[in-house]
Amino acid sequence: MASNKNKSISIKKYKNKRELNIGIFLFAVVFIYLVVTVIMYLTGENISVYEVREGSIVNDNSYTGLILRQEETVNAENGGYVNYYQNEDSKVKAGSNIYVLSPQKLDTESDTSDSGASSSSLNTEVQAGIISDIQNFSENFDPQDFSTVYSLRNEVTATLQGALSESKTDHLEAAIKASGQEVTAYKADRDGIVAFSVDGLESLTKDTFTAENFDRSNYESRSLTDQMKVSSGEPVYRMITSEDWSVIVQLDKETAQKLTEDEVTSVKTRIDKDSETMWADFSVIEKDGDFYGCLDFDNSMIRYADDRYLSVELILEDESGLKIPRSSVIEEEFFVIPQEFITTGGNSSSQGVLINEKGGSAVFQPVDIFDTTEEGEVYISRDDLDPGSVLIKPESTETYTVNETKPLTGVYNINRGYAVFRKVTILCESDEYYIVEEGDAYGLSNYDHIVQDGTSIDQDEVVFE
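Note on numbering: residues in each chain are counted from 1, in written sequence order. Selection of residues for local features in this predicted model requires a pLDDT of at least 70, selection of side-chain atom pairs for listing and counting requires 80 or more, and totals for whole chains, interfaces and linings are taken over all residues. Neither water nor hydrogens contribute to the side-chain values; these are computed over all heavy atoms in the structure.

Inspection of the secondary structure puts Tyr-63 in strand 2 (residues 53–75). Between the C-alpha atoms of Tyr-63 and Ile-248, which are 185 residues apart in sequence, the distance is 9.4 Å. Setting aside its immediate chain neighbours within four residues, Tyr-63 contacts Val-249, Gln-250, Leu-251, Thr-255, Leu-310, Ser-311, Val-312 and Leu-314. Each helix is a run of DSSP H or I of at least 4 residues and each strand a run of E of at least 2, with the numbering of both proceeding from the N terminus. Contacts between residues were defined by any pair of non-hydrogen atoms, one from each residue, lying within 4.5 Å.

Let's shift gears to the sheet that holds strand 5 (residues 97–102). A sheet is described by the order of its strands in space; here 4 strands give the open sequence 6-5-3-10, paired in antiparallel fashion. Lying at the two open borders of the sheet, with one neighbouring strand each, are strand 6 (184–187) and strand 10 (228–230). Looking at each pair of strands side by side, their axes are set apart by 35° on average, direction ignored. As judged from the 3 bridges shared by strand 3 (residues 80–84) and strand 10, these two strands associate in the antiparallel manner. Here the rule is simple: two strands pair whenever DSSP picks up at least two bridges between them. Lines fitted to C-alpha atoms define the axes here, with helix axes fitted over just the stretch in contact, and angles between the N-to-C directions of these axes take values from 0 to 180 degrees.

The next thing to look at is the packing of aromatic side chains. Only centres within 6.5 Å qualify two rings of Phe, Tyr or Trp (six-membered ring in Trp) as a pair; their planes then separate them into stacked at under 30 degrees, edge-to-face at over 60, and tilted for everything else. Taken as a whole and judged by the stated rule, the model has 16 aromatic pairs. Centroid distance Tyr-84 to Tyr-99: 6.4 Å. Interplanar angle 55°. Geometry classified as tilted. Pair noted here: Tyr-84 is in strand 3 and Tyr-99 is in strand 5, with a separation of 15 residues, a long-range link. By the burial criterion, Tyr-84 is buried, and Tyr-99 matches it. Three or more aromatic residues link up through ring pairs in this structure, and these residues are Tyr-84, Tyr-99, Tyr-186, Phe-196 and Tyr-237. Burial here depends on accessible area, computed with a 1.4 Å probe over protein chains only, as a share of the maximum for the residue type. Under 20% is buried, over 50% is exposed, and the range in between is partly exposed.

Right, let's get into the side chain of Glu-377. Here Glu-377 shows up in strand 21 (residues 377–380). By the criterion applied in these results, polar contacts are pairs of N or O atoms within 3.5 Å in which, for protein atoms, one can donate a hydrogen and the other can accept it, and in which residues neighboring in sequence qualify only through two side-chain atoms. Side-chain polar atoms of Glu-377 contact the side chain of Lys-406, separated by 3.0 Å. When near neighbours in sequence (up to four residues on either side) are disregarded, Glu-377 contacts Val-336, Ile-337, Asp-371, Thr-372 and Lys-406.

A word on empty space enclosed by the protein. Every definition here rests on a 1 Å grid over the protein atoms only: cavities are sets of points where a 1.4 Å probe fits but cannot get out, pockets are open sets enclosed by protein on both sides within 12 Å along at least five of seven lines, and lining residues have some atom within 4 Å of a point. Grid points are joined across faces, edges and corners, and a volume is the space filled by probe spheres set on the points. Summed over all chains, the structure comprises 1 cavity of 30 Å³ or more. In this model, the largest cavity occupies a volume close to 40 Å³. Lining the largest cavity are Arg-69, Ser-197, Val-198, Asp-199, Glu-202, Tyr-219, Ser-221, Arg-238, Ala-305, Asp-306, Asp-307 and Arg-308. Residues were grouped as follows: Ala, Val, Leu, Ile, Met, Phe, Trp, Tyr, Cys and Pro as nonpolar; Asp, Glu, Lys and Arg as charged; and all remaining residues, including Gly, as polar. A class-by-class count of the residues in the lining of the largest cavity yields 3 nonpolar, 2 polar and 7 charged.

Values of pLDDT, which run from 0 to 100, indicate the predictor's confidence residue by residue. This prediction gives the protein chain a mean pLDDT of 85; 85% of its residues lie at or above 70. Note on residues 112–120: pLDDT is under 50 here. Beyond four places in sequence and across chains, it has 10 contacts.

Throughout this description, the term salt bridge denotes a Lys or Arg side-chain nitrogen within 4 Å of a carboxyl oxygen of Asp or Glu. Under the definition given, this model contains 20 salt bridges. The salt bridge partner of Asp-262 is Lys-258, with a shortest N-O separation of 2.9 Å. Exposure remark for Asp-262: the relative accessible area of 45% places this residue in the partly exposed category. Note that Lys-423 and Asp-440 form a salt bridge whose closest N and O atoms lie 3.2 Å from each other.

So this is what it looks like as structure tokens:
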């Protein structure tokens, strides 16, 4: 009995078998992926992305031009004090009264009309016409076409001038009658536009102007006004006899040569004075080793009848389309094959070609098409086919060996998260941007995302934005 009490009991410990925790495993995989992604992003070259938007580029050159017109200075036949029947820049017919000369000044300040009404007031018909023009303008005004404001101003000015000319004539006749003086009226000997300023350059033509005429440091224009005293033979008004007029601008040799080589015969212009845009016939004139651009207009001369020098912009390019950075544009080589070798494969709608394998069997190979031409050529990625591949024309025994390559100009589109080449057709350019054609089936669309530096990425490369 005693021996049983001293008997020892042996206890052995066994290790528990650990089971795989799937949650920890998945967490570790995701963590490693995130770490690798962050490292690749930090150590790799960052891709700058540009969103394509509609825009325009206007390439223009600004000049100060010399105006040439068919005009002449009319001198006074006798001395005296001059008063004008017409307003500044009025159109007159031959035989119309232009001015009168009187021995003494006429009292044109007081109201000499029989009715006592102001001679400068407008009748209700004229007022109603102006109000109607303003209302029509307000209803149809487009902020994108602000130049219509100047057109309205010109219309209202013309209406006011016509109305005030009639009023001024009546007022002057009343002043002459009240003065009791013997006055002499002088008439226009031809149709034209009357202007009351002279500068001594009225006789200039395309054959007689010189480089010195562009120096405005000593230029003076003399205004001719009512109640001015003139002597016989002094200028009393200026008559412009044609709607044809020209603006001469100074060109540097390179610009003149480029415009000549491009055979530019007409050019779009913008007049800074009133922001009016007009087309002009264009030619280059060479004189004494200097070059000049001649802009010929056949309308709107009356708006600039008082100007000798005019700031004008030559709009040599004005294109709208999709605006992209110049840095995004690259050039890539593509295989070129005849379009009749393109087909669809089997049960698929994918486009591809039939490749002639050894043994004479035809194997369908899907291909990506990057452009087609009017001549029937198709641009295929060089990754889709091997040089020397023999293509079979569908439903024919005719074959074509792939070798010819041609370049395409384009950008890398990254809408899908990887780089895809898209061709572009450049319409015009500035120092930083291109305007490219919109609506091309193989080109870009508004709001597309492209790589800003086209040389920083390859076709099909995944992009981390």
